[in-house]
Amino acid sequence: MPVEDPVSIFAVAMVVFLVAPLLLERHRLPGIVGIVLVGAAIGPNAAGILDRSPAIVLLGDVGLIYLMFLAGVEIDLHRFFDNIDQSVVFGVLTFLVPQAIGTAFGGWVLGFSASTALLFAAIFASHTLVAYPVAHRLGIVGNDAVTATVGGTVLTNVLALLVLVVVVASTEAALDWLFWARLGAGLVLLFVGVWYVVPWFGRRFFRSLAEESYFEYLFVMAALFVSAGFAAVVGAEPIIGALVAGLALNRLIPDRGPLMNRIQFVGDALFVPFFLLSIGLLVDPAALVGSRESLVLAGSLVGLTVATKFAAAWTTGRLYAYGREQVLSVFGLSIGQAEALSIVLIAFEAGVPGFDVDMINGAVAMILVVSLVSPIVVEKYGRALAIAERRQRPSTGARQRILVPFTPIPEHHETLLQYHESLLDLAFLLREEDSDEPLHTLTVVPPGPETEREIAAARSAIAHTEEYAAGAEVPVSFHTRVDHNVASGIVRAAIETQATTILLDRDGIRLPRQPLFSHATRQVLRWSDRLVLVSRIREPLNTVSRIAVVLPPQVAHDPGVHEVVRTVDRIAAGTGAPVRGIAVGDAAERYRQMFSALESVADVSVERVDDWDRLFAVLAERASVDDLVVCASARPNTVGWQPELRTLDDRLPTIVEGDFVVVYPASGDLVEGR
């Protein structure tokens, strides 16, 4: 005792990460609380099984950095920018209220000097999203109040760390204009550099990969820790660099895909638990109980943290009409602390008066208490918030089922695998987030002497598809049909699976012995009343910089036009790209009203062009390889049909340099039911 062998240390940690959350969740308590409690019980100041060794400290620091990165990469940027005033107001309040009250309390009650009182208040003016994993699990990270909390974290932590930098610097040298110039330039360089450089490299890196692989995850990790290290170089804290890196990579990491799943999995299973364990190992019950000063400081820090953070959450809630569950969820998220220890330790090492061993013990006790309270509050009120959101969510009628037809050809195996991944990426974006329906994949092979061999080849190729979908934790149901006609096989499979959406690749099933896919597409549209999407996706969807939506005049009056709007909404939400509509004729205003109601898109506009020739000219001039063109179309003999749509279908591949999707709304009873 304590365990010193690296393998044994890791084994103990893995057992704690496995057992502690399971035990507490059986008693309806957040699992992450169990890791902190067990860490305190087996730490050097209790049972002594584990010491807070340099390895634990390293992994704990990595876990904190990873946690802040997760908060940045998972935030809904559309909601963030649409409600950025809420983030700014909450960030200012959750810093100023604790800072002002804490400074006054430290000076008048505890007798600290002005600089010590300022730094004492900064301990709890900052906050760490310790309970963020709970909010993520409950599915409330997209709520406006939670988004404002995550956004406000950036501001409040930067301000608190600025207080630390200024106070520590004042003990070493004069705070002249050169100091302020260096600090300001460093922060500007951090935010501007990471925000523009990381996405620029990211788009080029993701496009250079032939297929999804672990290299994508390694790139994300490299960008994360380079940004965190760069933050330290310019005088900020690594967690600020991590949060900015998460925001910068947000639009390049689809929230429903294999890459995001890997990022969340590694964080939830490894890095974040090590951070929680390191907090537990800090606790020294004997030193806390045996020192009156430590008890006073611990009680003061806990009381001030709870009171001031609640005041900031309540005030923000009053300003923006948050409900009770929202206010208490914001409060629960914002009382979490971990960065406080960094502030105390840095001040202790710098020799700031009043920051001694008693202050360290008091801060550790405060961190333990709020680390236990924060997840419990978020679990209780976040769950109520999640239930309320589900009740308010409008029903879409028929349950969404997506059918994705594939036709693997052995001699073009690698190309078709890329087609499969492209279709699946689009399907992930279109799939409802809380759906438990599998994706239905289909292979249609013609009857003949080669039928069995082609079915075997189809099953071999589909194994890769299933593996790719498993990386995103999306179930897949594989179907095979033998049919002379591809379209007939697709339509029959759609009926059997009760599919509401058919997702086709324009070039993916152009078989040597079968009609061109354009003909098969027209047959599917003629024989099926489902929502049909015909796509040509060859670049990673996470590199899309803009969505250009082609809006024909008559489609605005089609009953299924809202299917087009919902499709654009889901693609925009998944890619984070702004929406630019191009409306032909006098329907522009109607389209503006429909697209202005999009919940997931903050940056949307609709421009008018006079006729089809001008539309083709605008597409040829403006559509680049970075754009995704989405065209609203219609079936023949429906309200939205025009002869020009057939011309559009034929000319689109020759005009558009990049990727495109043509959306044919559902027709008949299916539209009315949805």
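It should be emphasised that the depicted structure is a prediction, and the values quoted were computed from it without experimental measurement.

**Section: the overall build of the chain**
Here is step 1 of the chain: In terms of helices and strands, the chain carries 26 helices and 10 strands.
Here is step 2 of the chain: Contacts in the chain between residues far apart in sequence, at least 24 positions, make up 82% of those at least 6 positions apart.
Here is step 3 of the chain: Just so you have it, the chain exposes about 27,400 Å², and 59% of that area is on carbon and sulfur atoms.

**So, the pattern of salt bridges**
A side chain with one charge can pair with a side chain of the opposite charge if their charged atoms come near.
Here is step 1 of the chain: Per the counting criterion, the structure on display carries 11 salt bridges.
Here is step 2 of the chain: Ionic pairing is found between E563 and R566, a salt bridge with its closest N-O pair at 3.6 Å. Of this pair, E563 and R566 are both found in helix α22 (residues 561–575), three residues apart, which corresponds to roughly one turn of the helix.
Here is step 3 of the chain: On the basis of relative accessibility, which here comes to 28%, the residue R566 falls in the partly exposed class.

**Brief notes about the side chain of Q99**
Here is step 1 of the chain: When you line up the elements, Q99 lands in helix α5 (residues 84–108).
Here is step 2 of the chain: Classification of Q99 by relative accessible area gives buried; the value is 7%.
Here is step 3 of the chain: Ignoring sequence-local partners within four residues, the contact set of Q99 consists of L118, A121, A122, A125 and V163.

**What to know about the sheet that holds strand β2 (residues 439–445)**
Here is step 1 of the chain: Strand order across the open sheet formed by 10 strands is β3-β2-β1-β4-β5-β10-β9-β6-β7-β8, with mixed pairing between neighbours. This sheet does not close on itself; its edge strands, each paired only once, are β3 (476–482) and β8 (604–609). The average angle at which neighbouring strand axes cross in this sheet is 20°, direction not considered.
Here is step 2 of the chain: Bridge count between strand β6 (residues 546–551) and strand β9 (residues 627–632): five bridges; the pairing is parallel.

**A word on helix α12 (residues 258–282)**
Here is step 1 of the chain: The terminal C-alpha atoms of α12, which comprises 25 residues, lie 36 Å apart, in line with the 36 Å expected from a rise of 1.5 Å per residue.
Here is step 2 of the chain: Here α12 lies mainly inside the structure; 18 of its 25 residues are buried.

Here is what the cut-offs are and how they apply
- Residues numbered from 1 in each chain as written.
- Predicted model: local features only at pLDDT ≥ 70, side-chain atom pairs only at ≥ 80, totals over all residues.
- Heavy atoms only, no water.
- Helix = DSSP H or I, 4+ residues; strand = E, 2+ residues; numbered from the N terminus.
- Contact = heavy atoms within 4.5 Å.
- Areas by Shrake-Rupley, 256 points an atom, 1.4 Å probe, with all protein chains shown as cover.
- Salt bridge = Lys/Arg side-chain N within 4 Å of Asp/Glu carboxyl O.
- Buried < 20%, exposed > 50% of the residue type's maximum accessible area, 1.4 Å probe, protein only.
- Pairing = 2+ DSSP bridges.
- Axes fitted to C-alpha atoms, helices over the stretch in contact; angles between N-to-C directions.
- Expected span 1.5 Å × (residues − 1).

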